[in-house]
Amino acid sequence: MVSGQPTYFSFPIAIFSDMCYNKKSWHGSGDRCPEGCLSQDLYGGIGLKRILYKDLDIYNEDTYLHGDILVADGIIEQIGDVDAQADTVYDCSGMIAMPGLCDIHVHFRDPGQTQKEDIITGCASAAAGGVTAVCTMPNTSPVCDTPEIADYQRYRAKDTGIHVYPVGATTVGMAGEELSDFEAYAKNGITMVSDDGHPIANAEVMRRALETSNKYDILVASHCEDLDIVNGGIMNKGRTSEELGVKGIDRASEDSIVAREIALADSCGARIHICHLSTKGSLEAVRDAKKRGVRVTCETAPHYFMCNDTLLLKRDADYRMNPPLRDESDRLAIIEGVREGVIDCIITDHAPHTAEEKAIFEKAPNGVVGLETSFAATLTAFVHTGYLTYQNVVKLMSAEPRRIAHIPEVRIEQGKTAEFIIADPDLEWYVEPDRLKSRSHNSVFKGQLLKGKVMLTVSEGRTIYMDDMFGRTARNPIDVLCAKIIEKQDPTVVGLDPKLEYIPDHIKLAALEKHGPGLKAAAAAILRFNKELIDAIYDIVPAIKPQSAYYEMYGHHGVKALEKTIEYAQSKGLFVIVDGKRNDIGATMQAYSAAYLGDTDVFGQQTAAFGADALTVNGYLGTDGIAPAVETGGAIFVLVKTSNPSSGELQDRRLCDGKTVYETMGDMCEKWGSERIGACGYSPVGAVIGATYPDMLAEMRAKLPHTFFLIPGYGAQGGGAEGAAKGFDENGLGAIVNSSRAVMCAYKKEGCDEYDFAGAARREVLRMKEDLRKYIPTIKYPER
């Protein structure tokens with residue numbers, strides 16, 4: 001960093017404050033980290049003083065502003081349109097900022113069960129999920145039923161940036177008999193008690209707890225479960241438990257205790273908080289009680305509005321928790337309860353268990369981790385469906401839980417200590433448990449595609465979490481492609497060039513029966529074929545590449561199939577490159593670019609026609625044919641050295657300066673993208689260079705360091721993995737290799753049943769992936 005000059009980043013450098021990312025642990029703010037963490041250098045003396053986050057949508061519970069956030073010495077100095085000097089400026093376009101989230105129901109297992117989780121790893125998990133305040137449940141070993149245990153937990157968390165608020169046990173030892181010392185709790189700053197995990201069976205003990213809570217203004221949170229009804233059940237009682245042949249838990253076990261707690265609280269005039277609500281009956285009881293003025297609040301967790309008990313058909317204990325996943329009618333009721341505000345807040349009930357404990361379905365302990373997925377799951381279920389706004393999310397996941405637990409409020413306002421998250425609301429990602437910061441990996445969302453991700457967490461004025469992908473997806477679509485390649489560890493793209501002869505007979509016959517012979521039937525067969533292929537491969541490959549000619553040949557029906565293919569692929573998280581080889585100049589190229597990459601003004605509204613992520617173009621007309629495409633914000637791949645045998649007739653010819661045509665075109669690609677280089681080192685102006693010319697690939701990789709390559713010609717056209725590998729950089733990035741016919745027709749090559757065409761395609765892409773990875777470096781982000 002040059003003294004006195006601001007440093008601009010399209011992505012931030014790695015700042016983890018006191019968190020040692022390599023060890024998933026924390027060290028003291030003044031300690032030198034043996035792992036080379038940068039925190040002490042950046043915050044321990046010469047640290048960054050003024051940080052400017054640019055171009056955000058900024059949400060509080062009751063306000064919205066598009067603008068910037070300037071943090072100076074840990075304090076929010078300005079928000080809005082900030083025109084000020086800063087040591088570091090982050091481009092956050094396309095992202096949102098919210099106050100730090102608050103989860104009032106987590107289990108950190110510390111003290112006594114730290115093989116599952118401890119305060120340090122639990123706080124790291126919270127930071128990665130954007131959660132800056134947590135209430136830790138008392139079922140530790142020993143039980144948190146004294147101020148001394150609470151003090152220990154706070155001390156362990158002091159350097160993490162996470163505000164840990166210990167929950168005291170309602171009864172001594174959580175035995176359900178003798179009340180704990182509420183007066184000592186109050187003097188220690190404990191504002192909530194619970195015997196979570198051990199329901200208080202004796203109603204008189206619960207009544208006395210509620211009466212005592214009034215005296216000390218302490219909230220009683222109830223784990224509502226009648227163990228006599230549970231009677232050894234391990235999952236929801238219903239059709240799924242019957243199919244599995246295991247003992248189920250009737251929802252009355254929850255409903256009956258919820259009704260009891262409401263009646264007891266009403267009689268005492270006390271506050272009662274219902275933990276992890278999961279049934280439609282409990283929801284109705286809370287709804288009615290609120291109408292009657294009872295001081296009741298309740299929470300639910302993302303797994304209750306995202307999942308139902310059919311997941312247990314896998315006989316996987318990672319889908320077991322308490323209360324259990326319910327049936328679909330309960331799930332829909334919980335969604336409605338969140339939408340209408342009967343459910344006050346969203347928590348995780350983060351409950352880590354080791355893989356060994358979860359190994360046997362019938363004997364495993366209940367519980368799932370959730371701190372790192374709750375924000376994404378909530379956006380996926382509610383915001384991206386149009387059910388809730390981002391301000392609703394702030395209320396459910398930050399403001400209201402703080403009010404319920406008497407935790408200090410957090411807002412993004414001038415003069416406040418910086419405690420906020422920055423998130424990419426549209427980033428799609430697959431949950432990979434092994435990559436979670438939690439010590440345990442028992443996630444109910446494993447393998448699921450979620451939309452929305454916390455990129456940065458700031459607490460106590462310092463950055464406590466930064467995602468590897470922060471800033472790598474803004475503005476530059478090649479960063480998006482690189483992120484998907486890294487996520488899936490696969491640098492391949494599947495070409496969807498579906499000739500009718502490639503499509504299995506049963507699909508074509510079905511289309512004929514429905515539409516009769518003609519263009520419509522052909523397009524319908526293509527679309528079904530594409531969707532089934534995408535379903536089989538989307539979790540492996542990062543991208544698809546439909547060749548527009550194979551759709552246009554079927555007229556408007558075929559073009560519609562192309563549009564639907566793009567839409568479907570993107571819904572599965574795939575990057576879409578349309579192989580259109582478009583080129584023209586001026587208004588005509590603007591029209592091509594708007595059609596495939598950008599938006600078209602239709603009666604005053606901006607509407608995307610195809611909305612692809614990238615387009616192949618012919619650069620023969622020069623800059624006039626390139627600039628309109630680049631200006632859309634999409635990516636282009638310019639034909640440089642194509643894989644066909646006759647490409648040399650023109651592309652290999654030497655010009656008067658001694659360079660070949662393909663070298664000249666490559667140089668132009670590098671120039672066209674020079675001002676738009678992204679976080680992974682590549683511009684949105686890529687080049688098409690065939691796998692059939694490996695020496696030329698190697699030559700161009702060396703000459704074009706900022707140009708990303710689309711490499712056709714692998715497989716059917718004669719190119720091999722070893723040759724294609726010459727187009728990659730030292731990080732296993734810089735290129736993506738296409739295979740079309742080999743994937744689409746894999747079932748013919750294998751000689752398997754045509755009904756297994758998608759399975760054969762999956763096997764082929766896995767084979768191709770492993771073939772390429774033998775020759776390319778380990779795929780990873782460039783060093784920052």
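For the structure itself, look to the data block above.
All of these numbers come straight from a predicted model, not from anything done at the bench.

Visitor: For this particular structure, what's the right way to read the packing of helix H8 (residues 252-268) against helix H9 (residues 280-291)?
Guide: The geometry of a pair of packed helices is captured by two quantities: the angle between their axes and the separation between those axes. Look at H8 against H9: their axes get within 8 Å of each other, and the N-to-C directions meet at 15°. Accordingly, the angle class assigned to the pair H8 and H9 is roughly parallel. Classified by chirality, the crossing of H9 by H8 is right-handed. Every residue of H9 that contacts H8 at Glu254, Asp255, Val258 and Ile262 is listed here: Gly281, Ser282, Ala285, Val286 and Ala289. Residues of the contact of H8 with H9, tallied by class, amount to five nonpolar, two polar and two charged.

Visitor: Got a minute to help me understand the side chain of arginine 402 in this structure?
Guide: You can see arginine 402 is positioned in helix H13 (residues 390-405). Contact partners of arginine 402, with chain neighbours within four places excluded, come to Gly100, Leu101, Cys102, Thr132, Ala133, Ile407, Pro408, Glu409, Val410 and Glu419.

Visitor: What's the story with the sheet that holds strand E26 (residues 614-617) in this structure? I'm lost.
Guide: What the eight strands build is a closed barrel, ordered E21-E22-E23-E26-E27-E28-E29-E30; its pairing is parallel. Direction aside, the axes of adjacent strands within the sheet are offset by 30° on average. Taken together, the four bridges between strand E21 (residues 492-496) and strand E22 (residues 543-546) define a ladder with parallel strand orientation. If you follow leucine 496 over to E22, its bridge partner there is proline 546. Set on the sheet, helix H18 (residues 555-571) makes contact with E21, E22 and strand E23 (575-582); between it and E23 the angle comes to about 150°.

Visitor: Got a minute to help me understand a nonpolar patch on the surface in this structure?
Guide: Residues Ile585, Tyr620, Leu621 and Leu650 make up a contiguous nonpolar surface patch of about 430 Å² in total accessible area. Residue placement: isoleucine 585 occurs in the loop between E23 and helix H19 (586-596). A residue is classified by how much of its surface remains accessible, and isoleucine 585, at 40% relative accessible area, is partly exposed.

Visitor: Quick question: what am I supposed to make of helix H11 (residues 328-340) here?
Guide: Helical geometry: 3.6 residues make up each α-helical turn, so side chains three or four residues apart lie on a common side. If you check H11, its first and last C-alpha atoms are 19 Å apart, about what 13 residues at 1.5 Å a residue would give, namely 18 Å. Among all positions of H11, only Asp330, Arg331, Ala333, Ile334, Ile335, Gly337 and Val338 are buried. Elements that come into contact with the buried residues of H11 comprise H9, strand E16 (296-300), helix H10 (302-306), helix H12 (374-383) and H13.

Visitor: Would you mind going over the packing of helix H2 (residues 119-128) against helix H3 (residues 147-157) with me for this structure?
Guide: Running from N to C, H2 and H3 cross one another at 60°; their axes reach a closest spacing of 9 Å. For the element pair H2 / H3, the angle class is oblique. You can see that H2 and H3 cross each other, and the crossing is right-handed. When H2 is examined against H3, the residues Ile119, Ile120 and Cys123 are found in contact with a partner set consisting of Gln153, Arg156 and Ala157. When its residues are assigned to classes, the contact of H2 with H3 shows four nonpolar, one polar and one charged.

Visitor: Can you walk me through the sheet that holds strand E12 (residues 219-222) in this structure?
Guide: Within a sheet, neighbouring strands are paired by backbone hydrogen bonds and run either parallel or antiparallel to one another. One open sheet accounts for five strands, arranged E11-E12-E15-E16-E17; its pairing is parallel. Here the strands that pair on one side only, and so sit at the sheet edges, are strand E11 (192-194) and strand E17 (345-346). Alignment of E11 against E12, held across three bridges, turns out to be parallel. Looking at the pairing, methionine 192 lines up with leucine 219 of E12.

Visitor: Sorry, what's going on with the side chain of aspartate 467 here?
Guide: Position of aspartate 467 relative to the elements: it lies in the loop between strand E20 (462-466) and helix H14 (477-488). Among the residues examined, aspartate 467 registers a relative accessible area of 5% and is labelled buried. Of note is the side chain of aspartate 467, whose polar atom sits 2.6 Å from the side chain of lysine 453. A polar atom in the side chain of aspartate 467 sits 2.7 Å from the side chain of tyrosine 465.

The rules behind the values
Residues numbered from 1 in each chain as written. Predicted model: local features only at pLDDT ≥ 70, side-chain atom pairs only at ≥ 80, totals over all residues. Heavy atoms only, no water. Axes fitted to C-alpha atoms, helices over the stretch in contact; angles between N-to-C directions. Helix = DSSP H or I, 4+ residues; strand = E, 2+ residues; numbered from the N terminus. Parallel < 35°, antiparallel > 145°, perpendicular 65-115°, else oblique. Left-handed = near helix turned anticlockwise from the far one by under 90°. Contact = heavy atoms within 4.5 Å. Nonpolar A, V, L, I, M, F, W, Y, C, P; charged D, E, K, R; others polar. Pairing = 2+ DSSP bridges. Patch = residues over 30% accessible without salt bridge, like charges linked within 9 Å, V, L, I, M, F, W, Y side chains within 5 Å. Areas by Shrake-Rupley, 256 points an atom, 1.4 Å probe, with all protein chains shown as cover. Salt bridge = Lys/Arg side-chain N within 4 Å of Asp/Glu carboxyl O. Buried < 20%, exposed > 50% of the residue type's maximum accessible area, 1.4 Å probe, protein only. Expected span 1.5 Å × (residues − 1). Polar contact = N/O pair within 3.5 Å; in protein donor to acceptor, adjacent residues only side chain to side chain.

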